[in-house]
Amino acid sequence: MMLLKLQKHFPHWRINVLLLQLCIIILIASCNSNNKPHETAQYLGDSIHLQLFNLQDERNTTELLTFFNHPDPQIRKQALIAMGSVQDTAIIQKLFSILLKEQDVEVRNSAAFALGQTRDSLASQLLFDALEQETSPLVKQSILEAIGKCIPATSISKLYLFSPQNEPEKEGLLWGMYYAGIRNVYDLVGVELAIKSLNPEESFDVRHAAAQFLSRLRGLDSTPYLEDLTLFATFEKSPDVRMKIASILGFSTDQIAQNKLIDLFRDVDDRVKINALNAIKNKINVDSLEILTSLLSHPNAQVAVAASDLIIRTFDDSSEKTLDLYISSSTHWRAKRALQKKKMMVFPSDSLAQQLKDEYQLSNDSYDKSAILSIFQYHITSYPFVVTEMFDAKSKNISSSAITCLAEIIENEHFPDELKLEFTEIFKKAIETGDLALVTVSASELANEKLGLLPLIGSTDFLNNTLQNLTNASDVEAIQAIKRLQSKINNEEYTPENTGFNHPLDLVFISGLNDTEYAVIHTSEGDIKIQLFSSEAPGSVANFLNLAASGYYNGIKFHRVVPNFVAQAGCNRGDGWGGLDYTIRSEFTPRKYTTG
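1. Details of the overall build of the protein chain
Then, number 1: When its secondary structure is counted, the protein chain shows 29 helices and 6 strands.
Then, number 2: For the protein chain, the C-alpha radius of gyration of 27 Å lies close to 25 Å, the compact-globule estimate for 596 residues.
Then, number 3: The principal-axis extents of the C-alpha atoms in the protein chain amount to approximately 75 × 60 × 50 Å.
Then, number 4: Buried positions account for 53% of the 596 residues belonging to the protein chain.
Then, number 5: Long-range pairs, those at least 24 residues apart, make up 67% of the contacts in the protein chain between residues at least 6 apart in sequence.
Then, number 6: Working note: accessible area of the protein chain is about 26,700 Å², and carbon and sulfur atoms make up 49% of it.
Then, number 7: Seen as two clouds, the 55 positive and the 73 negative side-chain charges of the protein chain have centres 2 Å apart.

2. Focus on the nonpolar core
Then, number 1: Counting residues in hydrophobic clusters, the biggest one holds 98 residues, and the most contacted among them are Leu198 and Leu214.
Then, number 2: No other element matches the 7 residues that helix 9 (residues 167–181) contributes to this core.
Then, number 3: For Leu214, the contacting residues outside a window of four places in its chain are Val191, Ala194, Ile195, Leu198, Leu220, Ile248 and Phe251.
Then, number 4: Of all hydrophobic cores here, the second largest spans 49 residues; its members include Ile410, Leu438, Leu451 and Ala481.

3. Some thoughts on the confidence of the model for the protein chain
Then, number 1: On average, residues of the protein chain score 90 in pLDDT, and 92% of them are at 70 or above.
Then, number 2: Taken together, the stretch residues 1–42 has pLDDT below 50 and engages in 141 contacts with residues farther than four places along the chain or on a different chain.

4. As for the side chain of Asp368
Then, number 1: Within the fold, Asp368 resides in helix 21 (residues 366–375).
Then, number 2: Separated by 2.7 Å, the side chains of Asp368 and Arg337 make a polar contact.
Then, number 3: When residues no more than four places from it in sequence are discounted, the contact partners of Asp368 are Trp333, Arg337 and Ser363.

Scoring rules and cut-offs
- Residues numbered from 1 in each chain as written.
- Predicted model: local features only at pLDDT ≥ 70, side-chain atom pairs only at ≥ 80, totals over all residues.
- Heavy atoms only, no water.
- Helix = DSSP H or I, 4+ residues; strand = E, 2+ residues; numbered from the N terminus.
- Rg over C-alpha atoms; globule rule 2.2 N^0.38 Å.
- Buried < 20%, exposed > 50% of the residue type's maximum accessible area, 1.4 Å probe, protein only.
- Contact = heavy atoms within 4.5 Å.
- Areas by Shrake-Rupley, 256 points an atom, 1.4 Å probe, with all protein chains shown as cover.
- Lys, Arg positive; Asp, Glu negative; His and termini not counted.
- Charge placed at Lys NZ, Arg CZ, Asp CG, Glu CD.
- Core = buried A, V, L, I, M, F, W, Y, C linked by side-chain atoms within 4.5 Å.
- pLDDT = per-residue confidence, 0-100.
- Polar contact = N/O pair within 3.5 Å; in protein donor to acceptor, adjacent residues only side chain to side chain.

If you want it as structure tokens, here you go:
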């Protein structure tokens, strides 16, 4: 049995946890940060800080305001950070006043953060006013970042006019541009500024911020900057920056960009390889086919998956033989199934369907079986096989993949009308199982007026019977799907119920935490060590620790992995449809994360 160890200054906790499969080493960014540690750990069990945590969780602006004038600057700071999670636009002027008058630098930083979190254009105007009179480079950095979160497109040129005089101000400007850029608020002046900031002579933090900004811009054509970008990609030492430059090169369809991206297939860092593979939009030339084929058998499964994605994205539907070569070169099931799916879509055949059914029966991996089932969405006549496996499935991820496949089949424009009644009965039977995924997807398909299934439903007793058995708060999606279907049948409007605030903080538990805790998660692909910032996210940390202590994570798998984006676990069903009978609040802090 593998072990999750939660370690503290005082007693060590050991909880057995089995987290299986997947190459996650390159995907999980640890909680190391280039931020200075917050100085709140010593106060975590203090009654005032516990009260602040609770008020933040309750989104109680009125009570939080009473702490803005507290004599202890650490309390004032924590109250303002809490307000960053509340995001109340009604107190923008109050936050601005604190930013102007407060003597403590950390408190002013927190006031700037809270203003930015309002995401309000008025806040951006006031932040510009505060920027003019601020003398601290660190506070200016916070103000610039906050401006980026709330500046409207009509004012973005004003942000670019700021002339940074030191490293913190450079970083603040670029992160401000980043926060505006992820809202697609930018112009070419900002792009050119960021390109210059990628120069290897700049500090890592400056280059990293510039690369993050540029890599997130929708609609950017990087062709005018290829000379600089190819040079920076060659000489950039940090893979964190190099991988983002690869993404930026992908914003150009020019052959120069394509050639450099292909060159990055050979990068020493797998994350750079993956971003280069993800960035290519055009079909690669014949000379590069050998390296692409070799990547399909790369020891890092995520590289192989990214290579298969590139083939699928750029395949011109001309050669079944070439596609077969790629499939035979794939040594990881995820890459192979993705390519087989492409083949079934482009070259559907009964022989391929039979081959897949045979491979399905031989497979011992439920996730591999799920991937095979998803392929049959492009082979309509295989639906009886999918239906059988859905109702006989011993793994939730297989049944949820099957119902998703059936939904895709019936939404196909070539779906035959004569099968509609049979599919209606299949969906009704799926709803009667009470399974969250089967109920939600089936009810949604029956309610889809474009499919024309509503007149075929007949008696609706099965809906009422299923609703009576859906009693857990975690069943809310299924409950809403059934009620939405009932409203369609009765020609009524449906308004979803708001689940609201349903999980108060465990303040007694939180009072025993501090910022020295960390968890070590042992997986079949190595260990993941995560630091737990209890003073910044007490509700999230307490929730994680309580679940771990209860054994919730025992046997949990990483059910969703997207190369260079996310490795997702925690679903108690293993298919992404699971959940608990409660929700927790978001907790926002100024912290930025980098690779551990």
